[in-house]
Amino acid sequence: MTQLTALLSVSDKTGVLEFARELHGLGVKLLSTGGTAKLLADAGLPVTEVADHTGFPEMLDGRVKTLHPKIHGGLLARRDVPAHVAAIKEHGISTIDLLVVNLYPFEATVAKPGCTLEDAIENIDIGGPAMVRSAAKNWKDVAVLTDASQYAGVLAELKGGGISQKTKFALSVAAFNRISNYDGAISDYLSSLKEDGTRNEYPAQSNSQFVKLQDLRYGENPHQTAAFYRDMHPAPGSLVTARQLQGKELSYNNIADADAAWECVKSFDTPACVIIKHANPCGVAMGASPAEAYAKAFKTDPTSAFGGIIAFNRELDATAAQAVAKQFVEVLIAPSFTPEALLVFAAKANTRLLQIALPPGGATPWDHGRNAQDIKRVGSGLLIQTADNREVQRGELKVVTKVQPTESQLNDLLFAWKVAKYVKSNAIVFCGGGMTLGVGAGQMSRIDSARIASIKAENASLSLKGSAVASDAFFPFRDGLDVVCEAGATCVIQPGGSVRDDEVIAAADERGIAMVLTGVRHFRH
């Protein structure tokens, strides 16, 4: 059997010494560059430096070392084409069968505070991507490894007699994906630069990269096709990190609604339950336990809760599981499930159970498992914005009425405000005692949302007397305020900012209710 040759040139040297030692043990000849060659040689492995192999020294501070016909000819020559074989033989070029390359850490460099353009430029790899492209193009003859996670699988196949064509093709695809991501990061960075060296929040060209998790049976409707993708580097605690414990395959609508439920429930610090139907919360509540939170959330709108998505921010125990299992639920989400809770749902095999670890706390929205940006597709374009991760604190509230809210009312107002953030605009949310009482969502006029929220409460036999109301945007006229007051609300939270604020505040004083302004709007379209 012809001796195989491997070229190793890595920036991140994690695991490469152990990998090279295994290759040597399998009789593979080792070529390497610079620091990688020194690492292998210092470990006692027989390694040929690329400069000795090509007969041409590394130069320009290492910018030129592998850009040579003896490297690229050895990678690109097709073994099944006689003319290729004759050409490399004529020029003394030997084949390279295995390429191990990871690239200069451009992404990590530009992510550092204070990174200069010079720092960024020096971390743009040239020789590495060129070799990776050559090897990946000639995948039938060359296996190209671009990540340490690939080492073990390749070694196993080598020990079993050779690397399969299936594996070589998969490695080639992974290599081209890596080059695409790398070039995209460079384009994003360079096209974001201003003349003074600072960066625009939005680059002149966006090169977002996503990885497909699964094909879906269909999209929002059966005649639409669909697939589910995740970010290259997902936030911990986000939906794409979920582990499905049981149930049917998730649908497009399941995923969209599950995301709405999870984003809402994890915004609460105390035990909470959120029930979502068609992207809107139809019941949200806090409780001393998951079971209590669920009972209160379900009470808001039992009709809409049928076939909904239910999320908890605490481990689901048997008591809560038994209560939920009495209803038809499409998807059930929790950070964890007790064995007893899993046993309850074992009899409901179609119920989809998703386990998602709560994100660690931190100083940034990303640390809370939230998207840094929201992206919406429009005709032949994208709308990109920072995500609505603004949390209003109690100290930011501005009381604008003669009546001051009580401590209990302030708690209800902040709860209502948190829920309203996740309700489609125009949103009106009645709350009281740590639970929703009526939710009006997605109407063309705010007054209609207020009326619908009142009707929902009436249908659920819930009293709105003494309730708190949140409006996701200002009241353009006093009529919407009049509706919620007539329904029984005694305090209101809203952003303010209308040209008729004085009129609305005067109406609140006339009604004898408390009103606080947030100065923050939460439109959700």
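These numbers come from a predicted model, not from an experiment. (Residues numbered from 1 in each chain as written. Predicted model: local features only at pLDDT ≥ 70, side-chain atom pairs only at ≥ 80, totals over all residues. Heavy atoms only, no water.)

Moving on, we come to helix α11 (residues 252–265). Taking 1.5 Å per residue, 14 residues should reach 20 Å; α11 reaches 20 Å between its end C-alpha atoms and fits that length. Most of α11 sits out of view: ten of its 14 residues are buried. Those residues of α11 lying buried are Asn254, Ile255, Asp257, Ala258, Ala260, Ala261, Trp262, Glu263, Cys264 and Val265. (Helix = DSSP H or I, 4+ residues; strand = E, 2+ residues; numbered from the N terminus. Expected span 1.5 Å × (residues − 1). Buried < 20%, exposed > 50% of the residue type's maximum accessible area, 1.4 Å probe, protein only.)

Assigned domains within the protein chain: domain 1 (5–192), domain 2 (238–370) and domain 3 (394–517). Computed over C-alpha atoms only, the centres of domain 1 and domain 2 are separated by 46 Å. (Domains from an automatic or database assignment.)

This part is about the packing of helix α1 (residues 16–25) against helix α9 (residues 151–159). Contact pair α1 / α9: the axes reach a minimum separation of 11 Å and the direction vectors enclose 5 degrees. Taken together, the axis directions place α1 and α9 in an arrangement best described as roughly parallel. Contact with α1, carried on its side by Val16, Phe19, Glu22 and Leu23, involves Tyr151, Val154, Leu155, Leu158 and Lys159 of α9 and no other residues of that element. Across the contact of α1 with α9, the residue classes tally to seven nonpolar, no polar and two charged. (Axes fitted to C-alpha atoms, helices over the stretch in contact; angles between N-to-C directions. Parallel < 35°, antiparallel > 145°, perpendicular 65-115°, else oblique. Contact = heavy atoms within 4.5 Å. Nonpolar A, V, L, I, M, F, W, Y, C, P; charged D, E, K, R; others polar.)

A few words now on the environment of Pro234. Of note, Pro234 is situated in the loop between β7 (226–231) and β8 (243–246). For Pro234, a relative accessible area of 29% puts it in the partly exposed group. Each C-alpha atom of the pair Pro234 and Phe337 lies 23 Å from the other, and the pair is 103 residues apart in sequence.

A large share of strand β18 (residues 435–440) lies buried, amounting to six of its six residues. Pairing of strand β17 (residues 428–432) with β18, which is carried by five bridges, proceeds in the antiparallel orientation. When the bridges of β18 are listed, Ile428 appears paired with Gly440. Connecting the antiparallel pair β17 and β18 is a turn made up of two residues, with Gly433 showing a positive phi of about 65 degrees. (Pairing = 2+ DSSP bridges.)

In spatial order, the strands read β3-β2-β1-β4-β5; together these five strands make up an open sheet with parallel pairing. Bordering the open sheet on either side are β3 (47–49) and β5 (143–145), each of which pairs with just one other strand. Across this sheet, the average inter-strand angle for adjacent strands is 20 degrees, counted without regard to direction. As paired strands, strand β4 (residues 98–102) and β5 are joined by three bridges and run parallel to one another. Looking at β5, one finds that Val100 is bridged to Leu145. Taken strand by strand, helix α8 (residues 127–137) contacts β1 (5–10), β4 and β5, and its axis lies near 145 degrees from that of β4.

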